Amino acid sequence: MYHVLLVSHSWVRWLVLASLVFAISRAYNGYTSKSTFSRTDNGIRHWTATIAHIQLVIGILLYFQSPLIKYIMASLKGNLQQFELAFFGLIHGSLMLAAIVVVTIGSAKSKREQIDTHKFKTMLVWYAIALGIMLIAIPWPFSPLATRPYLR
């Protein structure tokens with residue numbers, strides 16, 4: 001089960017990032033060109049949030065199955081001084097949860113806006129903030145805090 005969750009979490013990450021980048025570019029283009037917020041735009045808004053929520057559920061399941069997290073919880077005292085343990089034990093999960101909350105708020109606010117340009121702007125701002133948080137919290141292969149491969 002752990003391995004399936006780990007691989008799924010690794011691959012779905014790219015769907016989350018791609019959908020966020022696509023939604024941000026679509027919102028930017030719609031906002032700058034003063035386009036109508038179409039049914040397609042609304043679908044992109046919705047599916048971006050949905051994919052992010054799916055990733056969150058996989059991440060939460062993975063968190064409680066992870067041998068690293070089990071080790072941290074078993075010997076919590078003093079272990080958070082090591083960067084990788086601190087990263088996965090606290091930083092990664094907290095920032096990703098915050099990013100998903102930002103996506104959710106942005107999606108809900110955008111959905112409730114009445115003016116099309118406000119819908120695009122709301123989606124653009126909130127999704128861009130979420131993307132920034134996610135890029136910080138991902139354990140990239142070049143990260144000094146915790147390195148993981150691009151794909152598992």
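Residues numbered from 1 in each chain as written. Predicted model: local features only at pLDDT ≥ 70, side-chain atom pairs only at ≥ 80, totals over all residues. Heavy atoms only, no water.

Draft legend 1. Expanded view of the pattern of salt bridges. All chains considered together, the criterion is met by one salt bridge. Close ionic contact of Asp41 with Arg26 constitutes a salt bridge, the shortest N to O distance being 2.5 Å. Here Arg26 lies in helix 1 (residues 2-32) and Asp41 lies in helix 2 (residues 39-65), a separation of 15 residues in the sequence. Under the relative-accessibility criterion, Arg26 is labelled partly exposed at 30%. (Salt bridge = Lys/Arg side-chain N within 4 Å of Asp/Glu carboxyl O. Helix = DSSP H or I, 4+ residues; strand = E, 2+ residues; numbered from the N terminus. Buried < 20%, exposed > 50% of the residue type's maximum accessible area, 1.4 Å probe, protein only.)

Draft legend 2. Region of the structure containing helix 2. For helix 2, built from 27 residues, the straight-helix expectation of 39 Å at 1.5 Å per residue is met to within 8% by its first-to-last C-alpha distance of 39 Å. Buried within helix 2 are the following residues: Asp41, Ile44, Arg45, Thr48, Ala49, Ile51, Ala52, Gln55, Ile58, Gly59 and Leu62. (Expected span 1.5 Å × (residues − 1).)

Draft legend 3. Seen up close, the nonpolar core. If you look at the biggest cluster of nonpolar residues, it comprises 31 residues, and the most contacted ones within it are Val16, Leu20, Val103, Met123, Tyr127 and Met134. Elements represented by at least two residues in this core include exactly helix 1, helix 2, helix 4 (83-112) and helix 5 (116-137). Considering each element in turn, this core owes the most residues, nine residues, to helix 1. Contacts of Leu20, omitting those with residues within four sequence positions, involve Thr48, Val103, Tyr127, Leu131 and Met134. Of all hydrophobic cores here, the second largest spans five residues; its members include Ile69, Ile72, Phe87 and Phe88. (Core = buried A, V, L, I, M, F, W, Y, C linked by side-chain atoms within 4.5 Å. Contact = heavy atoms within 4.5 Å.)

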